[in-house]
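# Understanding the architecture of this molecule
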Amino acid sequence: MADPPGCCSTCATCLLCPYSCQWITAKKEKRKGLRTTKYDCSWFLFLFCVFLFTLVWLYFAIIILNDFHNFSEFIFRQTKLWLDWSLVLLIATAVLISYSSVLLVLALCLQLCGQPLKLHWVHKILLILTALVVAAAFTGLGIKWAEEWKSARISLQATGPFLHIGAVGGMTLLAWPLASFIYRTRNTGLRVFVLLVYCAAMIALYLAPLGITSPCIMEENQLPPKPALVGHRGAPMLAPENTLMSLHKAVDCDVQVFETDVMVSADGVPFLMHDEELTRTTNVQAVFSERAALNSTAFNWTDLQQLDAGSWFLERRPFPTVQSLSPGDRKEAAEQRIPSLEQALEAAKQSNISIMFDLRPENHSDYQNFVNVTLGVILQSGIPLQQVLWLPDGFREDVKQQAPGVQHVYGRKIFENEKEPVLHVNLPYQDMSSEEIRQYRQDNISVNLYVVNQPWLFSVLWCSGVSSVTTNACQVLKEMKHPIWLLPSSTYFMIWIVVDCVSFLVLIWAFILMKKCSHRRRPAESETDVLLTKINSLLQE
């Protein structure tokens, strides 16, 4: 393996202390016998793999932030404890990636300086724990949140070109310590193997753009119109969800549709509520503690009107934006009550926006009555029926007969032999590919995808040609006048060629320079060895 040439005492101490947890000076007699063995190399390889593992998890963590509010809601329903788990996720991920990154940088610097890679046992244990934690995170993601794998696929359409540039840059920088290792290693077989693996990885990276596709690689004049915004339960980052304040805030964000959820009270009054229980978004535990666990439909309208539907928003802060609310908005939020569907329809009519809703719970024994009661409120409200978007699948034919002007939105893809024309579909953004979105657009079918909060995701769907998106972050997407990036194919091709060429030249330069450095060291090391041999012979005589 590599022999450690001389290194200044300060550098040896600064590098070896945190990596090996040993205070080692530059004196050769105190470093005698310290050499990078195959065992040490295997631990360096494990360190490198753990770093890549945590780096991939960091990428996934950033991607799933778009949907992480759903995870926080899920945890609350299980534990009745609200916490912004996205913050916990980011902090934990930052700690893991920082630790493995620092160790890797230390190891590479030690290799450049010719120092032995003696990883301390504490670091070995921590690296194994890091790998286990990340593996557990990926396993949990695959079991409980499998749709996020589709989100990762979509994210590569937004980040692929930039990941390619970053990967080429990182592997190019790796050429310096790699060349140092190759020229210092006496094992020819290991040297050839490492070099072949590195060359294969670089060739794969250089050719990676051949497999990178993105809807945002297009000419400027081919960009579809900006998707319309649908307020998910209103504007839940700016006001308590499913309240009149949330509806008005959504109108201020220029949304075209207010998306909500409707339930029917025990005495037949449709009202806005997403959860089957009232515990998350009201103070039902304080007002009706013995009945708090009951289904929302078990309460009559008089009971529901007594509940505070806004203070939870200020206390739990489901989104970071709550902290920036003005005093006036805070006061208004604290005064919110559960609105009836009639009130929401009146507000939508006055604001000239459409309203789209689910009718819950679908498995209720009296669901047909819920449909009839809800239809009756819609017809009596006076709202133009074309502003009502009907999502529930149950008893849809009855709805078409009683209110033929209502627009029907389907939560599925189009069948090949549809009996009636389908004009609107509403699907999770993971369920539609860019090609399908383009095909639906050509067939004049309106596609709404949910829930889209991050600008990168909105940009990809914009380039794909989606009609509208349901969002929690209407105030953010409203300000976007253009996708985050848009590149003509010719420009992307030029960037690809330039990056690969620059990387190749730097890589060649690194190997040539390290070869010259290794040649300079060898005569000095040989003279030192001869001198030490003569001194040893004289001492023996």
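Residues numbered from 1 in each chain as written. Predicted model: local features only at pLDDT ≥ 70, side-chain atom pairs only at ≥ 80, totals over all residues. Heavy atoms only, no water.

## Re the environment of Leu244
Note that Leu244 resides in helix α9 (residues 244–252). Take Leu244: its relative accessible area is 26%, and that puts it in the partly exposed class. (Helix = DSSP H or I, 4+ residues; strand = E, 2+ residues; numbered from the N terminus. Buried < 20%, exposed > 50% of the residue type's maximum accessible area, 1.4 Å probe, protein only.)

## Details of the pattern of salt bridges
Inspection of every chain in the model, using the stated rule, returns 20 salt bridges. Of the charged contacts, one joins Arg280 and Asp275 as a salt bridge, the two residues approaching to 2.7 Å between their closest N and O atoms. Relative accessible area serves as the criterion here: at 2%, Arg280 is assigned to the buried category. Judged by relative accessible area, Asp275 falls into the buried class, the value being 7%. One salt bridge connects Asp303 with Arg291, and the closest N-O pair in it is separated by 3.3 Å. (Salt bridge = Lys/Arg side-chain N within 4 Å of Asp/Glu carboxyl O.)

## Points about the domain arrangement of the protein
When its domains are assigned, the protein resolves into domain 1 (7–214 + 489–520) and domain 2 (228–277 + 337–478). Its C-alpha centre places domain 1 at a distance of 44 Å from the equivalent point of domain 2. Taken together, the contact pairs 16 residues of domain 1 with 16 residues of domain 2. The contact between domain 1 and domain 2 buries some 1300 Å² in all, and 46% of this surface belongs to carbon and sulfur atoms. Where domain 1 touches domain 2, the interface holds four salt bridges. (Domains from an automatic or database assignment. Contact = heavy atoms within 4.5 Å. Buried area = accessible area lost by both parts, 1.4 Å probe.)

## Digging into the side chain of Thr282
Inspection of the secondary structure puts Thr282 in the loop between β3 (270–272) and α10 (284–287). Take Thr282: its relative accessible area is 6%, and that puts it in the buried class. Here Leu278 takes part through its backbone oxygen, which lies 2.6 Å from a polar atom of the side chain of Thr282. Engagement of the side chain of Thr282 in a polar contact is seen with the backbone nitrogen of Val284, the distance being 3.3 Å. What Thr282 contacts, discounting residues up to four positions off in sequence, is Met273, Leu307, Asp308, Ala309, Trp312 and Ile338. (Polar contact = N/O pair within 3.5 Å; in protein donor to acceptor, adjacent residues only side chain to side chain.)

## Quick look at the UniProt feature "transmembrane region" (unreviewed entry) in the protein
Here the UniProt-annotated "transmembrane region" (unreviewed entry) positions come out as residues 41–65, 85–113, 125–143, 163–183, 190–212 and 493–513. The distance separating the terminal C-alpha atoms of residues 41–65 is 36 Å; by composition the span is 96% helix and 0% strand. Along residues 85–113 the backbone is 97% helical and 0% strand, and the end-to-end C-alpha distance reaches 42 Å. (UniProt positions renumbered as here; feature names shortened; annotations may be inferred.)

## Some details on the environment of Pro225
Along the polypeptide, Pro225 turns up in the loop between α8 (188–207) and β1 (228–232). With 61 residues separating them along the chain, Pro225 and His164 place their C-alpha atoms 29 Å apart.

## Things to note about the packing of helix α6 (residues 148–173) against helix α7 (residues 175–184)
At a minimum axis distance of 4 Å, the contact between α6 and α7 shows a crossing angle of 35°. Residues Met171, Thr172 and Leu173 of α6 form the contact with α7, whose own contacting residues are Ala175, Trp176 and Pro177. Across the contact of α6 with α7, the residue classes tally to five nonpolar, one polar and no charged. (Axes fitted to C-alpha atoms, helices over the stretch in contact; angles between N-to-C directions. Nonpolar A, V, L, I, M, F, W, Y, C, P; charged D, E, K, R; others polar.)

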